[in-house]
Amino acid sequence: MGLCGWKGKILRVDLTRGKIGEEDLSDDLMLNYIGGRIAGNKILLDEMDPMVDPLGPDNKLIFATGPLTGTGVPAGGRFIAVSKSPLTGGIANPCCGGYFGANLKYAGYDFLIIEGKSPEPAYLSIVNDQVTIKPAEHLWGKWATETENAIRAELSDSKDAWGRNTPSVLLIGPAGENLVSFASIMSDGGRALGRSGLGAVMGSKNLKAIGVKGTGEVRIADVKGFQKAIIDFIGEARETGQLENRSKWGTWDLIGRAQKTGTLCSLNFKEGDFDGFKPYEDPATIRDKIRVRDEACFGCPFRCGKRSTIFDPAYPGTAKGPEHETLGLFGSNCGVADLDEIWKANYLCNELGMDTITGGATISCAMELYELGYLTGKTIGYPLNFGNGTAILELLKKTAFRKDFGDQLADGGYAVAERAGHPELFMGVKKQGFPAWHPQGRFPGLEVIGLQYATSPVGASHTKSVMTFHSQSDDLTPLVAWTKHYQDYVSIVDAGVLCWIIYHGPMWEDKASSWLELVTGVSYSQDKLMMIGEKNWNMERLFNLAAGLSSEDDGLPQRMLTEAPPRGGRVVDLPPLLEEYHRIRGWDNKGVPKPEKLEELGLSEWKVKVQ
Amino acid sequence: MEGKGAMKINIDHTKCSGCKLCEVACSLNHTGAVNVQRSRIRVFIGEEFCLPVIARNYKAVCDSKGDMVMYNGHEVDECVVCRASCPVKSVFKELDGKTPLKCDFCRGDPQCVRWCPTGALTLVGGR
């Protein structure tokens, strides 16, 4: 009897040759790299030259589940995509919920590796071991919902409504087809592999969508213990109020917290709070206005997904979101307080297939460039003042189709700012926009958010470590150690694949190892897991170094380092934070892992490659 | 027979979030592994609502005309609300595509009800 949890199979699809093959997973990959982000990284590092053109046929796109995916582990229904990002030029590993991960496992695969480039628009149909590349000429140009419904119908062999309901679909919208640098891959009615621009990677491969369904099983090592642990976990979540809180508000209760601490992105990060968002400090205001129902991912008791509508005939149907990040980036950061306008931007990004975070960061950057006179209304086509919600919506549509000024926006905010002569006005790291959390909060310790953005291998991201909210002291040394610890720990969460939102932070930190043991039967000590997590973090660093990135790319925009927000906040003193960070990581002062660190982690073969 | 006092699972679909933990619980209890295709409860994921449906008796002939029917204010395919296992339907059947599946209340302690985190499923009578 093999290992439980994993299916033990890789599905490899070469689009250039139309070749489809199955491979066995090695025990080494399962036991020492677990799955998801870590095993995906390992495959990418082993198989691909980090110097490849991210939009060329040599880039690989790996969809990776973990041993916990599809088992019903609470908040364990997620999967990861691993590839080289066209936006940052470094490694990419966005995470997504919904049902796709579970369905890929039921079809029989832990990993799906996409290689090459299809000569014609195509989509991939996976029904258990019946895998076919099908023409997608008729779907090219279509928006997300229409594409998803079409694939669902085509994958259904029976005529009943259940048949159309069962498959999961991954797809790109027009933005991915037109290689927008922050295009997302959408899934199951509004879930997204949002960051790093992997929608453009799918577009570059002429791959419109992937539909999957399966009838296979996932085995559990300790069935009785597993059943009890799940019922206990849900009970605990209910008793502590976590279940109700997260289910009711999703991420909407974070607006108030961000406002109070000065960590809400506002007006392209010039400020750390936004008067227009005062009403939303009470999350009930948002919920009452737009929410249709609460949606869960596969196997998740928390249902933080919010399906919403604004009851506008011009925008029929519903959308998933907007959550905290989208409210921040298209709301306060663009100076827009009107919930309807933010919702429409969210709707368009979902349907056209774009990341709402870098999307919002790109437009807010253009707004500041316009207000300072570095971009003219003639170039943009609109008077792009902060607060001009109508222009945002028009520009989003133009971006997805690379029309007029949208062609510039499609290259991302950094490119826009650089072309206008002021790259320092793009608020991001490695060309990826800051998330909604402002690194210049009003309390000591919050500037560590800046360190987390700067050192994230995928560019600015809020999901690669754990935010700090409490600090009484100006001594930030413990928070640098906190950052490193949670960077390694979140790697494990992303390998499971567990949900970062639920398992982030000290609460339930010990759960990762207990879920892994119940499901797989393999006992992982906390120390062993943290070592695997640290190894992962170093692997991602090595990929980036080999891809041509360096410590110069670990910087923050000048504004973060020199100007505090006018209404209060702290300047981020980054160099000493980075120095301490490099020290505890065992990296040299250029951010290169030292040979003894590589040795310790079993990565010695990389010594030569990064010199 | 579902007479007075008999065990019954009440479904409040307005509370269902589509997490499918009931499908996991059911299949785990009946098959010893997670295999939602073999679950006797399935959750239909609609845009405006999710609907858990529990398998009842097998019907050799499907008498549905495939109409849309109103269900608690939502328009839905008749086949979705129908609880029968039948030759047409792609759910409530074993992997052979023939052997019908039917809810047996897990011998008095339905696991789907135990696992349901939202209160969409509740047990009436029996215990």
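The text that follows walks through the structure, step by step, so that each part is easy to find. Treat the numbers as computed from the prediction; the structure is a model and nothing was measured. (Residues numbered from 1 in each chain as written. Chains lettered and ligands numbered in written order. Predicted model: local features only at pLDDT ≥ 70, side-chain atom pairs only at ≥ 80, totals over all residues. Heavy atoms only, no water.)

Observations concerning empty space enclosed by the protein
Residue and element names in this part refer to chain B.
So, step 1. Within the structure shown, the criterion is met by six cavities of 30 Å³ or more.
So, step 2. One number sums up the size of the largest cavity: a volume of about 100 Å³.
So, step 3. Lining the largest cavity are 14 residues, with Cys 16, Cys 19, Lys 20, Cys 22 and Cys 116 sitting closest to its centre.
So, step 4. Classifying every residue of the lining of the largest cavity by side-chain character gives ten nonpolar, three polar and one charged.
So, step 5. Quantified by volume, the second largest cavity comes out at close to 80 Å³.
So, step 6. Considering the residues around the second largest cavity, the lining is formed by 13 residues, among which Cys 26, His 30, Cys 103, Cys 106 and Cys 112 are closest to the centre.
So, step 7. Every element with two or more residues in the lining of the second largest cavity is listed here: helix H1 (21-31) and helix H3 (111-115). (1 Å grid on protein atoms, 1.4 Å probe; cavity = no way out; pocket = protein on both sides within 12 Å on 5 of 7 lines; lining within 4 Å. Points joined across faces, edges and corners; volume = space filled by probe spheres on them. Nonpolar A, V, L, I, M, F, W, Y, C, P; charged D, E, K, R; others polar. Helix = DSSP H or I, 4+ residues; strand = E, 2+ residues; numbered from the N terminus.)

Focus: the nonpolar core
So, step 1. If you look at the biggest cluster of nonpolar residues, it comprises 85 residues, and the most contacted ones within it are Met354(A), Ile392(A), Leu396(A), Phe434(A), Tyr453(A) and Leu556(A).
So, step 2. Residues within four places of Phe434(A) in sequence aside, it is in contact with Phe269(A), Leu329(A), Ile357(A), Met427(A), Gly428(A), Val429(A), Pro439(A), Tyr453(A), Ala460(A), Leu556(A), Pro557(A) and Met560(A). (Core = buried A, V, L, I, M, F, W, Y, C linked by side-chain atoms within 4.5 Å. Buried < 20%, exposed > 50% of the residue type's maximum accessible area, 1.4 Å probe, protein only. Contact = heavy atoms within 4.5 Å.)

Looking at the sheet that holds strand E10 (residues 168-171) of chain A
Residues and elements named next belong to chain A.
So, step 1. One open sheet accounts for six strands, arranged E9-E8-E13-E10-E11-E12; its pairing is mixed. Across the chains shown, the open sheet's two edge strands, defined by having one partner strand only, are strand E9 (130-135) and strand E12 (191-193). With strand direction ignored, the average angle separating the axes of adjacent strands in the sheet is 20°.
So, step 2. Summarising the sheet, strand E8 (residues 122-127) and E9 pair through six bridges and their orientation is antiparallel. Within E9, the residue paired with Val 127 across the bridge is Gln 130.
So, step 3. In this fold helix H4 (residues 144-155) packs onto E8, E10, strand E11 (185-187) and strand E13 (207-213), with an angle of close to 45° to the strand it touches most, E13. (Pairing = 2+ DSSP bridges. Axes fitted to C-alpha atoms, helices over the stretch in contact; angles between N-to-C directions.)

Looking at unusual backbone geometry
So, step 1. With an omega dihedral of 0°, the bond running from Gly321(A) to Pro322(A) counts as a cis peptide bond.
So, step 2. Position of Pro322(A) relative to the elements: it lies in the loop between strand E16 (319-320) and helix H12 (324-331).
So, step 3. Residue Val497(A) is bonded to the preceding Gly496(A) through a cis peptide linkage, with omega at 0°.
So, step 4. Within the secondary structure layout, Val497(A) lies in the loop between helix H20 (477-496) and helix H21 (500-503).
So, step 5. Residues other than glycine seldom take positive phi values, yet Phe105(B) does so here, at roughly 55°.
So, step 6. Structurally, the position occupied by Phe105(B) is in the loop between helix H2 (78-81) and H3.

Digging into the sheet that holds strand E14 (residues 291-295) of chain A
Residues and elements named next belong to chain A.
So, step 1. The sheet built from three strands is open, its strands ordered E14-E15-E16 with antiparallel pairing. A single partner strand is all that each edge strand has here, and the edge strands are E14 and E16.
So, step 2. Two strands pair when backbone bridges link them, and strand E15 (residues 305-308) and E16 are joined in this way by two bridges, in the antiparallel orientation. Across the sheet, Ser 308 pairs through a bridge with Ala 319, a residue of E16.
So, step 3. Packing of helix H11 (residues 283-290) onto the sheet brings it into contact with E14 and E15, and relative to E14 it is tilted by some 105°.

Some words on the packing of H11(A) against helix H13 (residues 339-352) of chain A
Residue and element names in this part refer to chain A.
So, step 1. Two numbers describe how H11 lies on H13: the axes approach to 12 Å, and their chain directions differ by 65°. For the element pair H11 / H13, the angle class is roughly perpendicular. Where H11 crosses over H13, the handedness of that crossing is right-handed. Of the residues in H13, those touching H11 at Ile 286, Lys 289 and Ile 290 are Leu 339, Asp 340 and Trp 343. (Parallel < 35°, antiparallel > 145°, perpendicular 65-115°, else oblique. Left-handed = near helix turned anticlockwise from the far one by under 90°.)

What about the packing of H12(A) against helix H14 (residues 356-371) of chain A?
Residue and element names in this part refer to chain A.
So, step 1. Relative orientation of the contacting elements H12 and H14 amounts to 15°, with a least axis distance of 8 Å. Here H12 is positioned roughly parallel relative to H14, judged by the angle of their axes. The hand of the H12/H14 crossing is left-handed. Across the interface between the two elements, Glu 325, Thr 326, Leu 329 and Phe 330 from H12 touch Thr 356, Ile 357, Gly 359, Gly 360, Ala 361 and Ile 363 from H14.
So, step 2. The residue makeup of the contact of H12 with H14, split by class, is five nonpolar, four polar and one charged.

So, the interface of chain A and chain B
So, step 1. Opposite the 40 residues of chain A that make contact, chain B presents 40 residues.
So, step 2. The contact between chain A and chain B buries some 3,100 Å² in all, and 60% of this surface belongs to carbon and sulfur atoms.
So, step 3. Counting across the interface, chain A meets chain B through zero salt bridges.
So, step 4. Counting every contact that joins chain A to chain B gives 14 residue pairs in polar contact (both at pLDDT 80 or more).
So, step 5. The leading source of residues in the side of chain A that touches chain B is helix H8 (residues 223-239) of chain A, at seven residues.
So, step 6. Here the residues of the side of chain A that touches chain B are counted per class, giving 17 nonpolar, 13 polar and ten charged. (Buried area = accessible area lost by both parts, 1.4 Å probe. Salt bridge = Lys/Arg side-chain N within 4 Å of Asp/Glu carboxyl O. Polar contact = N/O pair within 3.5 Å; in protein donor to acceptor, adjacent residues only side chain to side chain.)

Examining the packing of aromatic side chains
So, step 1. Counted by the stated rule, this structure contains 22 aromatic pairs over all chains.
So, step 2. Residues Phe434(A) and Tyr453(A) carry aromatic rings whose centres are separated by 5.0 Å and whose planes lie at 35° to one another, so their mutual orientation is tilted. Linking Phe434(A) in the loop between strand E18 (432-433) and helix H19 (448-455) with Tyr453(A) in helix H19, this pair joins segments that are 19 residues apart in sequence. The burial state of Phe434(A) is the same as that of Tyr453(A); both residues are buried.
So, step 3. The structure contains a cluster of three or more aromatic residues connected by ring pairs, namely Phe226(A), Phe233(A), Phe302(A), Tyr503(A), Trp508(A) and Trp515(A).
So, step 4. Lying over the aromatic face of Phe401(A), Lys403(A) brings its terminal NZ or CZ to 5.5 Å of the ring centre.
So, step 5. Directly above the aromatic system of Tyr99(A) lies the positively charged group of Lys20(B), at a separation of 5.1 Å from the ring centroid. (Phe/Tyr/Trp six-rings, centres within 6.5 Å; stacked < 30°, edge-to-face > 60°. Lys NZ or Arg CZ within 6 Å of the ring centre and 35° of its normal.)

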